[in-house]
Amino acid sequence: MIIVYATAAFVIIELINNVFEPLSLPDWTPTMVIVILIIGFPFAIIFSWIFDVSKKGIKKTGKVTSSESLSKFENSIAVLPFQDMSPQKDQDYFCDGITEEIINALTHVERLKVIARTSSFAFKNKQKDMREIGQKLNVETLLEGSIRKDGDQLRITAQLIKVDDGSHLWSEAYNRKLQDVFAIQEEISLAIVAILKVKLLGEEKAAIVTRYTENLEAYNLYLKGNYYCHEATASGFEKAIGCFEQALQKDTRYAQPYIGMAEVIWLSTFFGNVPPNDAYPKLEKYVNKALGISNTLAEAHSVMGLINTYYYWNWKRAELSFKQALQLNPNSAYIHIYYSFLLTCTGRHKEAINEAKRAQELDPLSSYINSYVGSAYYYGSQFDRAIDECQMVISINPNYYIAHYYSGSAFTEKAMINESLGEHEKAVAEFEKAVEEMEKAVDLSDDVPFTVSLLAIMYYVIGKKDQADKLFDNLKKRSKTEYIQAICIYLIHSVRGEQDLAFEWLERACKEHDSYLPWFRFVPSDMVRIPDDPRYNALLKKYGVIE
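Report follows, based on the coordinates. (Residues numbered from 1 in each chain as written. Predicted model: local features only at pLDDT ≥ 70, side-chain atom pairs only at ≥ 80, totals over all residues. Heavy atoms only, no water.)

**Quick word on the overall build of the protein chain**
Right, on to step 1. Each helix and strand counted, the protein chain has 24 helices and six strands in total.
Right, on to step 2. The 547 residues of the protein chain split such that 52% are buried.
Right, on to step 3. Partitioning the contacts of the protein chain with sequence separation of at least 6, the portion at a separation of at least 24 is 62%.
Right, on to step 4. Put simply, the protein chain shows about 25900 Å² of open surface, and 53% of that area lies on carbon and sulfur atoms. (Helix = DSSP H or I, 4+ residues; strand = E, 2+ residues; numbered from the N terminus. Buried < 20%, exposed > 50% of the residue type's maximum accessible area, 1.4 Å probe, protein only. Contact = heavy atoms within 4.5 Å. Areas by Shrake-Rupley, 256 points an atom, 1.4 Å probe, with all protein chains shown as cover.)

**Quick look at the nonpolar core**
Right, on to step 1. Judged by nonpolar contacts, the single largest core of 157 residues is most densely connected at Leu143, Ile188, Trp266, Ile487 and Phe520.
Right, on to step 2. The leading source of residues in this core is helix α10 (residues 255-271), at 10 residues.
Right, on to step 3. For phenylalanine 520, the residues in contact, after removing those within four places along its chain, are Tyr405, Ile487, Leu491, Val528, Arg529 and Ile530.
Right, on to step 4. In terms of nonpolar packing, the next biggest core, distinct from the first, is built from 11 residues, Phe123, Ile133, Val139 and Val163 among them. (Core = buried A, V, L, I, M, F, W, Y, C linked by side-chain atoms within 4.5 Å.)

**Observations concerning the pairing of strand β1 (residues 75-79)**
Right, on to step 1. Of all five residues in β1, five are buried, a share of seventy percent or more.
Right, on to step 2. Burial of β1 is two-sided: the residues Asn75, Ile77 and Val79 facing one way and the residues Ser76 and Ala78 facing the other way are all buried.
Right, on to step 3. Across three bridges, the pairing between β1 and strand β4 (residues 141-150) is parallel. Looking at β4, one finds that alanine 78 is bridged to leucine 142. (Pairing = 2+ DSSP bridges.)

**Some thoughts on the packing of aromatic side chains**
Right, on to step 1. According to the stated counting rule, one finds 27 aromatic pairs in the structure shown.
Right, on to step 2. Relative to tyrosine 311, the ring of tyrosine 280 lies with its centre 5.1 Å away and its plane at 20°, an arrangement referred to as stacked. Within this pair, whereas tyrosine 280 is found in helix α11 (residues 276-293), its partner tyrosine 311 is found in the loop between α12 (298-310) and α13 (315-328), the two being separated by 31 residues in sequence.
Right, on to step 3. On the numbers, 5.3 Å between centres and 80° between planes, the contact of tyrosine 378 with tyrosine 379 is edge-to-face. No difference in accessibility class separates tyrosine 378 from tyrosine 379, as the two residues are buried.
Right, on to step 4. Above the plane of the ring of phenylalanine 94 lies lysine 149, whose end atom (NZ or CZ) is 5.1 Å from the centre.
Right, on to step 5. Taking NZ or CZ as reference, arginine 535 lies 3.9 Å from the ring centre of phenylalanine 503, over its face. (Phe/Tyr/Trp six-rings, centres within 6.5 Å; stacked < 30°, edge-to-face > 60°. Lys NZ or Arg CZ within 6 Å of the ring centre and 35° of its normal.)

**Considerations on the packing of helix α19 (residues 424-444) against helix α20 (residues 449-461)**
Right, on to step 1. Close contact between α19 and α20 brings their axes to 9 Å; oriented N to C, the two are set at 150°. Classified by the interaxial angle, the pair formed by α19 and α20 is roughly antiparallel. α20 is crossed by α19, and the crossing has left-handed handedness. Mapping the contact onto sequence places Phe431, Ala434, Val435, Met438, Glu439, Ala441 and Val442 in α19 and Thr451, Val452, Leu454, Leu455, Met458, Tyr459 and Val461 in α20.
Right, on to step 2. Its residues assigned to classes, the contact of α19 with α20 comprises 12 nonpolar, one polar and one charged. (Axes fitted to C-alpha atoms, helices over the stretch in contact; angles between N-to-C directions. Parallel < 35°, antiparallel > 145°, perpendicular 65-115°, else oblique. Left-handed = near helix turned anticlockwise from the far one by under 90°. Nonpolar A, V, L, I, M, F, W, Y, C, P; charged D, E, K, R; others polar.)

**Regarding the environment of serine 268**
Right, on to step 1. Mapped onto the elements of the fold, serine 268 is located in helix α10.
Right, on to step 2. Residue serine 268 is classed as buried on the basis of its relative accessible area, which comes to 10%.
Right, on to step 3. As a C-alpha pair, serine 268 and alanine 279 span 11 residues in sequence and 8.3 Å in three-dimensional space.
Right, on to step 4. Beyond its immediate sequence surroundings of up to four residues, serine 268 is in contact with Phe237, Asn273 and Val274.
Right, on to step 5. Of the polar contacts made by the side chain of serine 268, one reaches the backbone oxygen of valine 264; its length is 2.9 Å. (Polar contact = N/O pair within 3.5 Å; in protein donor to acceptor, adjacent residues only side chain to side chain.)

**Re helix α5 (residues 130-137)**
Right, on to step 1. Where α5 is concerned, the buried positions are Met130, Ile133, Gly134 and Leu137. Projected onto a plane normal to the axis of α5, the buried residues spread over an arc of 100° and lie on a single side.
Right, on to step 2. Where the residues of α5 are buried, they touch β1, β3 (112-114), α4 (117-120), β4 and β5 (153-162).
Right, on to step 3. Between the side-chain oxygen at the start of α5 and the backbone nitrogen of arginine 131 there is a gap of 3.0 Å, and the oxygen is on aspartate 129. (Arc of directions from axis to C-beta.)

Spelled out as C-alpha cells, the structure:
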C-alpha cells in the first residue's frame, strides 16, 4: 500500500508540473495538492484496512451472522442417502430417515457447512462419481452408507470420503440391535466431527446426542410422516398427519411430530385449501406443545416465526423467533429462507436477498429454495437476476410451477418498464414471455388460485378480456365450495378498476388472515401492490397489519 501510494504521489507531482503550468493557476496550487496527498495518506491506510476487514467479515466475538461469508466454515459435508440393503427392499423410509437425522444432528455444528436434505437427496439412486457430486454441492467431504434391517437386527455401514481425490477418511460398520439405532446415529455424527477436526462447543455436542424419544415405534412413525410430507401433495400431507398423530399416541412427550404437523398445516394454507383462521390456532397449539417439551428445538422457533409473520403480523416477534432458531441451528436452509420471507414482507429487500442466498448455499439443488431466491430478487426489483434464478430451476425441474410463476412476474415488470420507455416491441416480447410462463404455472399447479389470479391479470393487461373474465368467473365459482384466498379476488377487482369491490375483498383478506396478504404490501408492481394511501392504510391499521 505504501509503495503504491508513493508511486501515485510521484506521478501526480509530475502531472502537476506539466499540466498546471500552462493553466495560469495560483503558484500555491501544486504545493496544496502535495499537502493534501501527504495528509490523506494515513486516512487512506485506515480506510483500506477498514474496507479489508469489513469485506472479510471479521468479528471479534459472536456467532457467524447471516451476512457473513460461508468461508467461515472450517469444513463442509454432504450426507448422501443411505442405501437400503434389506432383504425385502422395504426400508426406504427408514434409510431416508436415518440419513436425515444425521444431517439434522450435524447442522447444529456452527463451523461445519452441512448441505441440506433436498440437495443431498437429488443424488438418490444415481450412479455418480463422488468428485462430480462434491463439485456440484461445493463440499469437501461426502458421507455415504447402507442399511440392512432384518427383524430386530441392524447393520449400518458408513464411509467418509474426501472429494478431491476420492480417498476414504473414515469408515465403520455397526452390527447392533434395532434398539441401538439412536446410539449409532450419535456415534457416526461425533466421528465425522472428530475426523474433520471441527471444534465442537458444549451445546453443539449436547444437540448432537440429544434423543427426543426412546420409543422405536414412535420414531419409526415419525420417519414415515416426514417421508410422506416431502412428497408435497395433498395425499402426502394427509398421510403425514396420520403418521405424526400415531407417533404421538406412542409417545406423548415426543416433540418432533408436533412440529411436523404444524409445518404440514402451514403449507396447506398456501398450497392447499385450509383457511388460515382454522389452521394457525392449530399450528400455535402444536408448536407450544413442542416448546413445552424442549425449548431448544430450532424448527419450533422457526414455525413460531411463521405464525407471527402470516397470522399475527407481529414483525418484531417474528424476527426474534427466526433469530433464535438460527442461533440454535445456523445451518438450516429452510430457516434462512423463511427468515428471508419475513424480510421481504417488511420491505427489507437487500437483507432478504442475503438470507435467500445463504439458504441457497446450504441447499444448492432445491427447486423450492432457488425459486424463492428468484422471488427475493423480484421483490428487490432485480428482474434479470430473478429470471436467471428461476430459469436455472426450470432447466433442472421444468415442472416446478413456482419458478414459472416468479419468472412470469419478472418478465411482466420488464415489459412494463420497456413500455414506459417507449420500447414497444421489447415490451410486447416480454409480455409474451410473461404470459407463457404464467400459463405454465397454472397448468402445472392444477389451478392453484394465486397462479390463476395472476394469469387473469396478465390477460386483462394485454387485452385478452374474454379469457381473463373466464378465469375470474371460475375463481368466484370455486370460492363458493372451497377456500380461495381473498387476496386473489382483490387483485383482479383492483386491476379491473373496481376499487370499492377491491377494498371489500382486501378487508375480507384481513379478516381471514390471508397468508398471501403480507406479500402484496411491497410487491414491485404498482398494478397489484396494496396502495399506500389513507383509506387503505386505515384498513390495514384496523386489523393490525401495520402499526
